[in-house]
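Take a look at the letters that make up each chain.
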Amino acid sequence: MAVDIDALLKEKKDLFNDYLTTYLSSIGVDSGVYRAFAYSLCAGGKRIRPILTMLACEAMGGKDRDALPAGLAIEMIHTFSLIHDDLPALDNDTLRRGRPTCHAQFGEATAILAGDALIFQALSLLCSSFYSDEVKVDLCCTISDVCGFRGLVQGEYEDVMAEGAQLDLVQIEDIYRKKTSRLFELCMYAGGRIVSDDAARISSLRTYGTYLGLAYQAIDDILDVTTSDTTLGKTSGKDLLQDKATVVKAIGIDRARAWAVASTEKALKSIEGSDLKKQTELRDLAQWMLKRVM
């Protein structure tokens, strides 16, 4: 049975945003760094990563609220990456989620420190959560691996270094995996791990995250050349201006759409036939993402 995906996304997003507001109120201090990272955390966005974390938790038999600390920690990591990605030394952007970027609002030095603070705040949040000690250690280790030189940071580095270069699809997919897919994998892993250590089912969730992340990045790159700043919430056309290595540059928009479709199908195949709950929701979420460029 199909679900009302828009209603589901709003329900999960509202739940997360309420939790975020409460959390920020509990740690609020008179600090420029705090104000800067709170500004970026509260900027909005689709909240796809915490929603995925909640759905993964429910897929393993848990409750969506159980996943909120992990979902917020991951959103902090994601927000750190956006703050730093927008800096003059990297993508040099002044618009994010429909409002001025962190450095445009608070200055470059404060933005750098706000991004740094979010990494450690994410670990602090997990360590002070109600999760078991074993789960806390596991999630902290996994976040550190996902964000380091084998994942997000390395992917961002390779993305910057590839500007102006002619990369093939294999090389671009490798960048996509590091800078986007690994964080999606983390969402699915964290949500599932909160509930269980069932390796087989968690592996299915992680594979779903891998391919959903690839599709998501391809969709984002397609939208960069097909939509306006207002629709995108950030400066459109930046990939072309900076000669970024994207799937669109490598194979064109039509084939990029087909590649996003194929990645989405692989994501859905990974959970097909499993005994995971919430398969309909995970399927409809993936298809909802894809419809943005179809």
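Definitions and limits used
- Residues numbered from 1 in each chain as written.
- Predicted model: local features only at pLDDT ≥ 70, side-chain atom pairs only at ≥ 80, totals over all residues.
- Heavy atoms only, no water.
- Disulfide = S-S within 2.5 Å.
- Buried < 20%, exposed > 50% of the residue type's maximum accessible area, 1.4 Å probe, protein only.
- Helix = DSSP H or I, 4+ residues; strand = E, 2+ residues; numbered from the N terminus.
- Expected span 1.5 Å × (residues − 1).
- Polar contact = N/O pair within 3.5 Å; in protein donor to acceptor, adjacent residues only side chain to side chain.
- Salt bridge = Lys/Arg side-chain N within 4 Å of Asp/Glu carboxyl O.
- Axes fitted to C-alpha atoms, helices over the stretch in contact; angles between N-to-C directions.
- Parallel < 35°, antiparallel > 145°, perpendicular 65-115°, else oblique.
- Left-handed = near helix turned anticlockwise from the far one by under 90°.
- Contact = heavy atoms within 4.5 Å.
- Nonpolar A, V, L, I, M, F, W, Y, C, P; charged D, E, K, R; others polar.

Asks: Would you mind showing me how to read the state of the cysteines here?
Replies: A covalent bond between the sulfur atoms of two cysteines is what we call a disulfide. A full pass over the atoms with the stated rule returns zero disulfides. Residue C42 stays outside any disulfide, its sulfur separated by 12 Å from that of C102, the closest cysteine. On the basis of relative accessible area, C42 is assigned to the partly exposed category, the value being 40%. Among the cysteines around C147, which has no disulfide bond, C187 carries the closest sulfur, lying 11 Å off.

Asks: Looking at this structure, how should I read helix α10 (residues 199-226)?
Replies: Each α-helix winds once per 3.6 residues, and so residues spaced three or four apart point in a common direction. For α10, built from 28 residues, the straight-helix expectation of 40 Å at 1.5 Å per residue is met to within 8% by its first-to-last C-alpha distance of 40 Å. Here α10 lies mainly inside the structure; 20 of its 28 residues are buried. Regarding α10, its N-cap is D198, as a side-chain oxygen of that residue lies 3.2 Å from the backbone nitrogen of A200 further along.

Asks: Could you clarify how one ought to interpret the pattern of salt bridges in this entry?
Replies: A side chain of one charge can pair with a side chain of the opposite charge when the charged atoms of the two come close. Here the structure, examined in full by the defined rule, presents 25 salt bridges. Close ionic contact of D159 with K179 constitutes a salt bridge, the shortest N to O distance being 3.5 Å. With D159 in helix α8 (residues 152-161) and K179 in helix α9 (residues 169-195), this pair connects stretches of sequence that are 20 residues apart. Like D159, the residue K179 is buried in the burial classification. Three or more residues joined by partner-sharing salt bridges are found here, namely K12, E58, D64, K278 and E281.

Asks: Just checking my understanding: could you explain the packing of helix α4 (residues 68-85) against α9 for this structure?
Replies: Remark: α4 packs on α9, axes separated minimally by 10 Å, with the N-to-C direction vectors making an angle of 165°. Considered as vectors, α4 and α9 are oriented roughly antiparallel to each other. The hand of the α4/α9 crossing is right-handed. Contact residues: A70, I74, I77 and H78 in α4; L183, L186, C187, A190 and I194 in α9. For the contact of α4 with α9, the per-class residue count stands at eight nonpolar, one polar and no charged.

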